[in-house]
Amino acid sequence: AQSVTQPDIHITVSEGASLELRCNYSYGATPYLFWYVQSPGQGLQLLLKYFSGDTLVQGIKGFEAEFKRSQSSFNLRKPSVHWSDAAEYFCAVGSGGATNKLIFGTGTLLAVQP
Amino acid sequence: GAGVSQSPSNKVTEKGKDVELRCDPISGHTALYWYRQSLGQGLEFLIYFQGNSAPDKSGLPSDRFSAERTGGSVSTLTIQRTQQEDSAVYLCASSLVPGGTEAFFGQGTRLTVV
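Residues numbered from 1 in each chain as written. Chains lettered and ligands numbered in written order. Predicted model: local features only at pLDDT ≥ 70, side-chain atom pairs only at ≥ 80, totals over all residues. Heavy atoms only, no water.

A. Broad picture of the pairing of strand β5 (residues 33-38) of chain A. Residues and elements named next belong to chain A. Judged by how many residues are buried, β5 sits mostly within the fold: six of six residues are covered. Of the two faces of β5, the one holding L33, W35 and V37 and the one holding F34, Y36 and Q38 are both buried throughout. Two successive antiparallel strands, β5 and strand β6 (residues 45-50), enclose a turn made up of six residues, where G41 displays a positive phi of approximately 75°. Bridge count between β5 and strand β10 (residues 87-94): six bridges; the pairing is antiparallel. Looking across to β10, one finds that V37 is bridged to Y89. (Buried < 20%, exposed > 50% of the residue type's maximum accessible area, 1.4 Å probe, protein only. Helix = DSSP H or I, 4+ residues; strand = E, 2+ residues; numbered from the N terminus. Pairing = 2+ DSSP bridges.)

B. Region of the structure containing the sheet that holds strand β3 (residues 19-24) of chain B. Residues and elements named next belong to chain B. An order of β1-β3-β8-β7 is seen for the four strands of this open sheet, with the pairing classed as antiparallel. Among the strands making up the open sheet, the edge pair consists of β1 (5-7) and β7 (65-69). This sheet shows a mean twist of 15° between the axes of neighbouring strands, independent of strand direction. (Axes fitted to C-alpha atoms, helices over the stretch in contact; angles between N-to-C directions.)

C. Highlighting the interface of chain B and chain A. Each partner contributes residues to the interface: chain B has 18 residues there, and chain A has 19 residues. A combined buried area of about 1600 Å² lies between chain B and chain A, and 53% of that area is made up of carbon and sulfur atoms. Sorting the residues of chain B by area buried against chain A places L43, T101 and F105 of chain B first, and these three jointly supply 35% of that buried surface. For the pair chain B and chain A, the number of links is two salt bridges. Linking E102 of chain B and K49 of chain A is a salt bridge whose minimum nitrogen-to-oxygen distance equals 3.1 Å. Inspection of the region where chain B meets chain A yields nine residue pairs in polar contact (both at pLDDT 80 or more). For the side of chain B that touches chain A, the elements supplying multiple residues, two or more each, are β4 (31-38) and β5 (42-50) of chain B. Its residues placed into classes, the side of chain B that touches chain A shows nine nonpolar, seven polar and two charged. (Contact = heavy atoms within 4.5 Å. Buried area = accessible area lost by both parts, 1.4 Å probe. Salt bridge = Lys/Arg side-chain N within 4 Å of Asp/Glu carboxyl O. Polar contact = N/O pair within 3.5 Å; in protein donor to acceptor, adjacent residues only side chain to side chain. Nonpolar A, V, L, I, M, F, W, Y, C, P; charged D, E, K, R; others polar.)

D. Seen up close, the side chain of S73 of chain A. Summarising the element assignment, S73 of chain A is placed in strand β9 (residues 73-78). Excluding its chain neighbours within four sequence positions, the residues that come into contact with S73 of chain A are C23, N24, Y25, E66, F67 and K68 of chain A.

E. Focus on the nonpolar core. Residue and element names in this part refer to chain A. Counting 26 residues, the largest nonpolar core has L19, W35, L47, L48, F74, L76 and Y89 as the members making the most contacts within it. Put simply, the parts of the chain that give this core at least two residues each are β2 (10-14), β3 (19-21), β5, β6, β8 (64-68), β9, β10 and β12 (108-113). In terms of residues, this core owes the most to one element, β10, which gives four residues. Excluding residues that lie within four positions of it along the chain, Y89 makes contacts with Q6, L21, W35, Y36, V37, L47, F63, L76, G107, T108 and L110. (Core = buried A, V, L, I, M, F, W, Y, C linked by side-chain atoms within 4.5 Å.)

F. Representation of the pattern of salt bridges within the structure. Residue and element names in this part refer to chain A. Here the structure, examined in full by the defined rule, presents nine salt bridges over all chains. With its nearest N and O atoms 2.9 Å apart, the salt bridge here joins D8 to R22. Here R22 lies in the loop between β3 and β4 (24-26) and D8 lies in the loop between β1 (3-5) and β2, a separation of 14 residues in the sequence. Its relative accessible area of 18% is what places D8 among the buried residues. A relative accessible area of 38% places R22 in the partly exposed class.

G. Representation of the pairing of β8 of chain A. Residues and elements named next belong to chain A. In terms of strand pairing, strand β7 (residues 56-58) meets β8 through three bridges, oriented antiparallel. The residue bridging L56 from the neighbouring strand is E66, located in β8. Where β7 folds back onto β8 in an antiparallel hairpin, the turn is made up of five residues, including K61, whose phi is positive at roughly 60°. Both β8 and β9 contribute to a ladder of five bridges, which runs antiparallel. Counterpart to E64 in the pairing with β9 is R77. Following β8, the chain reverses through four residues before pairing antiparallel with β9; S72 in that reversal takes a positive phi of roughly 50°.

H. Local environment of the layout of surface pockets. Space inside the largest pocket adds up to approximately 690 Å³. Forming the walls of the largest pocket are 30 residues, and the residues nearest its centre are Q38 and E88 of chain A together with Q37, V89 and R110 of chain B. Take the lining of the largest pocket: its biggest share by element is four residues, from strand β11 (residues 109-113) of chain B. Taken together, the residues that form the lining of the largest pocket break down as ten nonpolar, 18 polar and two charged. Here the second largest pocket is characterised by a volume of approximately 250 Å³. If you trace the second largest pocket, you find 15 residues lining it, with G43, L44, Q45 and L46 of chain A together with F105 of chain B closest to the centre. Elements with a minimum of two residues in the lining of the second largest pocket: β5 and β6 of chain A together with β10 (104-105) of chain B. Taken together, the residues of the lining of the second largest pocket break down into seven nonpolar, seven polar and one charged. (1 Å grid on protein atoms, 1.4 Å probe; cavity = no way out; pocket = protein on both sides within 12 Å on 5 of 7 lines; lining within 4 Å. Points joined across faces, edges and corners; volume = space filled by probe spheres on them.)

Keep in mind these values describe shape, not function.
Listed below in structure tokens is the structure:
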């Protein structure tokens, strides 16, 4: 069965520092992979997605992620974090098939120090 | 509409009462999903609609939960005889086509059962 693991529950970084959020997935075929961000009291906003092709994908707000099949990973990165990036980040894999429902990781809560 | 709209944004109900949660998907989106976000369980899939039919109800936690969709548009999630463990944020998402690879989320309904 498909699954997603986000090993870091909570991360704190200083404003201006670089960021990497980890995501590992379990999926039999080439996965559809997503990163979503959720600010307090808000729904989920799509940051970026990977379906095929170039393994380095660019998203909104200066985020990027790299798909590494050999490591079953899809880590999210940003070179310089802004205070407004403080939020919860979810990695997800599409289940495939006609439904293609999302299977989410448990999320990583990002705090940004001034 | 411009985005996925959910109502109410907050709902407090007494244990044992029935509640209805509404989702207005993006106009023209044929696929609609309900997810639940709770502290103990994270983000979990509930049900998927393709048009007005629900080919995947595998995530509904009990027979107290039901959902319908009419006119290929608005969906209602109904919880009967609410229990305290039903307290969660209920998120709706829609995508353009069935099995579509990108889902857009509403801001959710926060349900509190007291």
